[in-house]
Amino acid sequence: MRAVAQLGQAYNVSVIDLPIPTILNATDVIVRINATAICGSDLHNYHVESGSPEQPYLYGHEAIGYVTEIGDAVQFLNVGDYVVIPDNLDNGHFTLEPDAYIPPLGFGGLQGGGTLPGLQTEYARIAFADNSLIPVPVNSSTTASTLIDYLFVSDIFSTAWEGVSFSGFESGDTVAVFGAGPVGLLAAYSAILRGASRVYSVDYVQARLDLAASIGAIPINFHDSDPVEQILAREPGGVRRGVDAVGYEAENASGEIDSSIVLRNLLNVTSPRGGIGIVGLYGTGLRDFDIGQAFAKTIKVDGGVVLPLQVASELVPLIASGRAKPSFIVSSIIDIEDAPEYYARFNRREETKVVIQFGS
């Protein structure tokens, strides 16, 4: 089977051959992948010398497909079932504290000193499948676009939805979302679906801002002027909720990396007793974030890794009923052999969201 991998050269991925996975344990299933996608978080590794020819770094952590084989101990899945593969899987162990339990990253990364399998490929083995996969209602009338809607439950729609929840959102709130990449656009979309009175979408890529406007958000281009001043001119008291969908690779208006600029802007634009949700990726050692300002304004700050397994019960019914159609963010649907070109395009912000689609 074909798979997207990085072989040690920054800003360059390849498509390589890998063996089709097989059942190893009784709780496994094999999934034939219909569609997967390039994620903004993939670019963090794309920018550095990840992997090597001897140990390729395998890409992809969001996919939808159907079950082709099941292990003897699988109870709730059958061959032919359509499932979303989330970016975090169950580890097969019982815990008395489910709210504190963080399932391990399942695909597209490094863990325990080794490389995890990727989902930008044709088949995947899913361990502890009964508890790891998200079944979706697919039938003869389900369209290809609806399959892609479900695909995004695997990561970005779940992450965006929870970013809004992290902010303490309530219906009627005003919201500012910094970043109009896939997660930022879906955070704005989630806020609108949930009854926000006004949503501001902050970015500088005009195509992204146009897409934000198309769903009813108010576009704010931070290359034009200070985004905080632009929003406060419309919301003198500030917005009730803010979402950081950028993370540590945030840029200022000069195009320079300023890792804390989004957080500083959110503190300045969020009203007293409001809230901020953080789903942009951060490491340790961040500077220039004034926790004293958050304390003085009594702003709630929440965020972290989102677990699609805990959000799917909200999102799958919204898609099944036709209320939510997150596939509006897709700019290109490609064959896997075109992945190197579209990684470069996505990195240059010439694409909003790229889906890799396989035949049946």
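Look up: the structure comes first, before these words.
Predicted, not measured: the structure shown is a model, and the values here were computed from it.

About the thresholds
- Residues numbered from 1 in each chain as written.
- Predicted model: local features only at pLDDT ≥ 70, side-chain atom pairs only at ≥ 80, totals over all residues.
- Heavy atoms only, no water.
- Helix = DSSP H or I, 4+ residues; strand = E, 2+ residues; numbered from the N terminus.
- Rg over C-alpha atoms; globule rule 2.2 N^0.38 Å.
- Buried < 20%, exposed > 50% of the residue type's maximum accessible area, 1.4 Å probe, protein only.
- Areas by Shrake-Rupley, 256 points an atom, 1.4 Å probe, with all protein chains shown as cover.
- Lys, Arg positive; Asp, Glu negative; His and termini not counted.
- Charge placed at Lys NZ, Arg CZ, Asp CG, Glu CD.
- Pairing = 2+ DSSP bridges.
- Axes fitted to C-alpha atoms, helices over the stretch in contact; angles between N-to-C directions.
- Contact = heavy atoms within 4.5 Å.
- Parallel < 35°, antiparallel > 145°, perpendicular 65-115°, else oblique.
- Left-handed = near helix turned anticlockwise from the far one by under 90°.
- Nonpolar A, V, L, I, M, F, W, Y, C, P; charged D, E, K, R; others polar.

**Q** An account of the overall build of the protein is requested, with residue identities and associated values reported.
**A** Helix and strand counts for the protein come out as eleven helices and 18 strands. Taking 2.2 N^0.38 as the reference for a compact globule, 360 residues should give roughly 21 Å; the C-alpha atoms of the protein span a radius of gyration of 20 Å, in line with that estimate. Taken along the three principal axes of its C-alpha coordinates, the protein extends 60 × 40 × 40 Å. Residues counted as buried form 53% of the 360 residues belonging to the protein. Of the accessible surface of the protein, which amounts to about 15,300 Å², a share of 50% is contributed by carbon and sulfur atoms. Once the 20 positive and 41 negative side-chain charges of the protein are each reduced to a mean point, those two points are 8 Å apart.

**Q** Can you explain the sheet that holds strand E13 (residues 218-221)? Please cite residues and give values.
**A** If you trace the six strands from one edge of the open sheet to the other, you get E13-E12-E11-E14-E15-E16, paired in parallel fashion. Here the strands that pair on one side only, and so sit at the sheet edges, are E13 and strand E16 (300-303). Adjacent strand axes in the sheet meet at a mean angle of 20 degrees, parallel and antiparallel pairs treated alike. Here strand E14 (residues 239-244) pairs with strand E15 (residues 270-278) via five bridges, running parallel. What sits directly across from valine 243, in E15, is glycine 277. Along the sheet, helix H5 (residues 182-193) contacts strand E11 (174-178), strand E12 (198-203) and E14; its crossing angle with E11, the most-contacted strand, is approximately 170 degrees.

**Q** Tell me what's going on with the sheet that holds strand E1 (residues 2-6), and back it up with residues and numbers.
**A** Pairing within the open sheet is antiparallel, and its three strands lie in the order E2-E1-E4. Each having just a single partner strand, strand E2 (14-17) and strand E4 (57-58) make up the two edges of the open sheet. As judged from the four bridges shared by E1 and E2, these two strands associate in the antiparallel manner. The residue bridging valine 4 from the neighbouring strand is valine 15, located in E2.

**Q** Residues and numbers for unusual backbone geometry, please.
**A** Generally, phi is negative for residues other than glycine and the peptide bonds are trans, each holding for most cases. The phi dihedral of phenylalanine 128 falls on the positive side, at around 50 degrees, and the residue is not glycine. What makes phenylalanine 128 partly exposed here is its relative accessible area of 32%. The backbone of threonine 298 shows a phi angle near 55 degrees, a positive value even though the residue is not glycine. With respect to the element layout, threonine 298 can be found in the loop between helix H9 (291-296) and E16.

**Q** Quick one: what's the story with the packing of helix H3 (residues 144-151) against helix H10 (residues 308-320), residue by residue and with numbers?
**A** Direction vectors running N to C along H3 and H10 enclose 165 degrees, while the axes themselves pass 10 Å from each other. Between H3 and H10, the angle is such that the two are roughly antiparallel. Of the two elements, H3 crosses H10, and the hand of that crossing is right-handed. Side by side, H3 and H10 meet where Thr146, Asp149 and Tyr150 of the first sit next to Val316, Ile319 and Ala320 of the second. Looking at the contact of H3 with H10 residue by residue, the class counts come to four nonpolar, one polar and one charged.

All we've got here are geometric facts, nothing functional implied.
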